[in-house]
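# Results of the structural survey
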Amino acid sequence: MKKYLLVSLLIPTLFSCSVNQQTLQKKYADLLTEESARAHLTTLASKEFAGRGTGQEGGKKTVEYIAKVFKDLGLKPGFNGSYFQPVSLVRTSYVVDNFSINNRPLVNGTDFFVQGSNTTKTFQASDIVFVGYGIQTDKYNDLAGLNLAGKVVLVLNEGEPMDKNGNSLITGNSKLSDWSTSRSKRLQEIMKQQPALILATSSQAADIIKRFGSRMSGGSFRLKSSDTGNNNNSTAAPVVNIPEATANEILAAKGSSLANYKAAVTSTLKPNSFVVNSTVNGTMGVKKEDFFDPNVLGVIEGTDLKNEVLVITGHYDHDGVLPDGTFFPGADDNGSGTVGVMEVAKAFAAAKKAGKGPRRTILFMAYAAEEKGLLGSAFYADNPVYPLANTVASLNMDMIGRIDDKHLNGNHNYIHAIGSDMLSSELKVINEKANQQFTQMELDYMYDDPKDPMRIYYRSDQYNLAKHNIPVIFYFSGLHPDYHTPNDTVDKIDFGMMTKREKLVFHTAWEIANRDKKLVVDKTPAPAN
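Description of the structure in this document. Because the structure is a prediction, the values reported are computed rather than measured.

Calculation rules
- Residues numbered from 1 in each chain as written.
- Predicted model: local features only at pLDDT ≥ 70, side-chain atom pairs only at ≥ 80, totals over all residues.
- Heavy atoms only, no water.
- Helix = DSSP H or I, 4+ residues; strand = E, 2+ residues; numbered from the N terminus.
- Buried < 20%, exposed > 50% of the residue type's maximum accessible area, 1.4 Å probe, protein only.
- Contact = heavy atoms within 4.5 Å.
- Axes fitted to C-alpha atoms, helices over the stretch in contact; angles between N-to-C directions.
- Parallel < 35°, antiparallel > 145°, perpendicular 65-115°, else oblique.
- Left-handed = near helix turned anticlockwise from the far one by under 90°.
- Nonpolar A, V, L, I, M, F, W, Y, C, P; charged D, E, K, R; others polar.
- Salt bridge = Lys/Arg side-chain N within 4 Å of Asp/Glu carboxyl O.
- Expected span 1.5 Å × (residues − 1).
- Phe/Tyr/Trp six-rings, centres within 6.5 Å; stacked < 30°, edge-to-face > 60°.
- Lys, Arg positive; Asp, Glu negative; His and termini not counted.
- Polar contact = N/O pair within 3.5 Å; in protein donor to acceptor, adjacent residues only side chain to side chain.

### Overview of unusual backbone geometry
In this chain, Asp333 is followed by Asn334 through a cis amide linkage whose omega measures -15 degrees. Here Asn334 lies in helix H9 (residues 331–353). The phi dihedral of Leu374 is positive, around 60 degrees, even though this residue is not glycine. Inspection of the secondary structure assignment puts Leu374 in the loop between strand E14 (360–367) and helix H10 (375–382). A relative accessible area of 13% means that Leu374 is categorised as buried.

### Points about the environment of Asn272
Along the polypeptide, Asn272 turns up in the loop between helix H8 (258–268) and strand E11 (274–291). On a C-alpha basis, the gap between Asn272 and Lys262 in space is 9.1 Å, while along the polypeptide they are ten residues apart. Those residues within four positions of Asn272 in sequence are excluded, and the remaining contacts are Phe130, Asp142, Tyr261, Ala264 and Val265.

### As for the packing of H9 against helix H13 (residues 495–514)
At a minimum axis separation of 10 Å, H9 and H13 run at an interaxial angle of 50 degrees. It follows that H9 is oblique to H13 by the angle criterion. The chirality of how H9 crosses H13 is right-handed. For the pair H9 and H13, contact is made by Ser336, Val339, Gly340, Glu343, Val344, Ala347, Phe348 and Ala351 and by Met498, Glu502, Val505, Phe506, Ala509 and Trp510, respectively. Broken down by class, the residue content of the contact of H9 with H13 amounts to ten nonpolar, two polar and two charged.

### Comments concerning the pattern of salt bridges
Overall, the coordinates contain 23 salt bridges when judged by the stated rule. Here Asp30 ties to Lys503 by a salt bridge, and the two come within 3.5 Å at their closest N and O atoms. With a gap of 473 residues between them, Asp30 in the loop between helix H1 (2–29) and helix H2 (34–44) and Lys503 in helix H13 connect regions that are remote in the sequence. What makes Asp30 partly exposed here is its relative accessible area of 37%. On the basis of relative accessible area, Lys503 is assigned to the partly exposed category, the value being 21%. Across the pair Lys523 and Asp421 runs a salt bridge whose closest N-O atoms are separated by 4.0 Å. Of the two residues, Lys523 is situated in the segment after H13 and Asp421 in the loop between strand E16 (414–418) and helix H11 (427–439); the sequence distance between them amounts to 102 residues. Using a relative accessible area of 34% as the deciding quantity, one classes Lys523 as partly exposed. Overall, Asp421 belongs to the partly exposed group, its relative accessible area being 24%. A cluster of three or more residues bridged by salt bridges with shared partners is formed by Lys26, Asp30 and Lys503.

### Looking at helix H3 (residues 57–73)
For H3, with 17 residues, the first-to-last C-alpha span of 25 Å sits near the 24 Å given by 1.5 Å per residue. Turning to H3, its buried residues number three or more, namely Gly58, Gly59, Thr62, Val63, Ile66, Ala67, Val69 and Phe70. Contacts from the buried residues of H3 go to H2, strand E2 (84–86), strand E12 (294–300), H9 and E14.

### Thoughts on the packing of aromatic side chains
In the structure shown here, the tally under the stated rule is 16 aromatic pairs. Look at Phe49 and Tyr65: their rings are 5.9 Å apart centre to centre, the planes differ by 90 degrees, and that puts the pair in the edge-to-face class. One end of the pair, Phe49, is in the loop between H2 and H3; the other, Tyr65, is in helix H3, and 16 residues separate them in sequence. Here the aromatic rings of Phe348 and Phe364 are separated by 6.3 Å at their centres, their planes lie at 50 degrees, and the arrangement is tilted. Here Phe348, found in helix H9, pairs with Phe364, found in strand E14; they are 16 residues apart in sequence, far enough to count as distant.

### Some thoughts on the side chain of Asp317
Mapped onto the secondary structure, Asp317 falls in the loop between strand E13 (305–315) and H9. Buried and without a salt bridge, Asp317 has Lys372 as its closest oppositely charged side chain, separated by 6.6 Å. Of note is the side chain of Asp317, whose polar atom sits 3.4 Å from the backbone nitrogen of Ala369. A distance of 2.9 Å separates a polar atom in the side chain of Asp317 from the backbone nitrogen of Glu371.

Structural data, given as structure tokens:
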């Protein structure tokens, strides 16, 4: 009787504690407002912040902004007394100092684009060898009798010779040979002749240059620790891709054109290569530059379990400004996730100030260079501030501000919660309980399907911690037509849903940071490849 009486007396007490805990969480979650999110995001996606590009001025302004927010909230610096963990990067780009054909200056990324691995050198020629399709077979050989060593070569980088009936001179029927179906065979074979420079043209070149030219001239980034210091092939001829109009200007000196050339081959069924008196001058090659874009780290120290760490993240970088001036605001990708990190930090900072801080330490981190290959998170995983063995979970926000194509004409009250049960049987349960109690959204698990062709789980920063058996959730509102375009702007953000998604991250983080036991790691995910 006494035992049952004791239980009956405890039930109201336990219920009261549970209600009080929920009320407390809601109090701090309600500090996450649409107005605050809008103010932060309007700043980060503004032209002044210039797309937050890696190695660009906009990126520098962004990290200063995030660090100031962390400082104003009372977060402690997360790296040796600083809010910045320098990420050592190397940018490798193909730089064209100058380039002209027949004394007409051409601009890289606007008039042409280059594929090359040579160190910087000067190219000069007074003639160009036009090799037609550049095909070399027993039946048909565009290079027969030609010496291409040290020469500038012009090649039609598509198709193959056809007869009047539409049959290939290579295969003898309507089926195209691998000279057409292979993307690189003809260029690789020409390279074996050791030309100085290859001018390649095709019907698609003009459109590719218009759409992607500036991006192609922007270079690539990698962690300095992974840079070998060597080019793949510094002696190979660079390939300068030019529009058909430029190729026709060259051939006009011989009274020819691409159309005339194709017609002549079809008529004679023979190769028709020739030399054109045309000048080429240029200086170009691969250059490497060191960069130190930082991860931004702010810390709220825990109490009795402070040696265990929860990491809440989002990458701050986007595509910046291209050489032609094109500006990418990146409001959703990932201004929204960056704001989410700062807003969730605000709620926990207020709780800490009121004496209700987390039991476990929380590291709030805005990653650098995600768009360049998850580099900031890879650097942190290799150089952790807190031991990875003590890191209990990572909650990552990357694009949480829009309604994706799947839900646009349906339920807008959703979030993709990716990877929540990949490593821990408990994390998904915690996230679902937090959602049930506080936010009541549809939790869409479509990207957890092992057959997901997008492989989204592996494409954002949380994966670099998941590789070390740290349970993660990737919060993601999904893809939309403005993804990685200049149209990813603030006016298209659904701030009501963005704020609601932030609150789910907060409530899930609250439970992880305050529960008695750390999350179990009891599952083995499928490998990335």
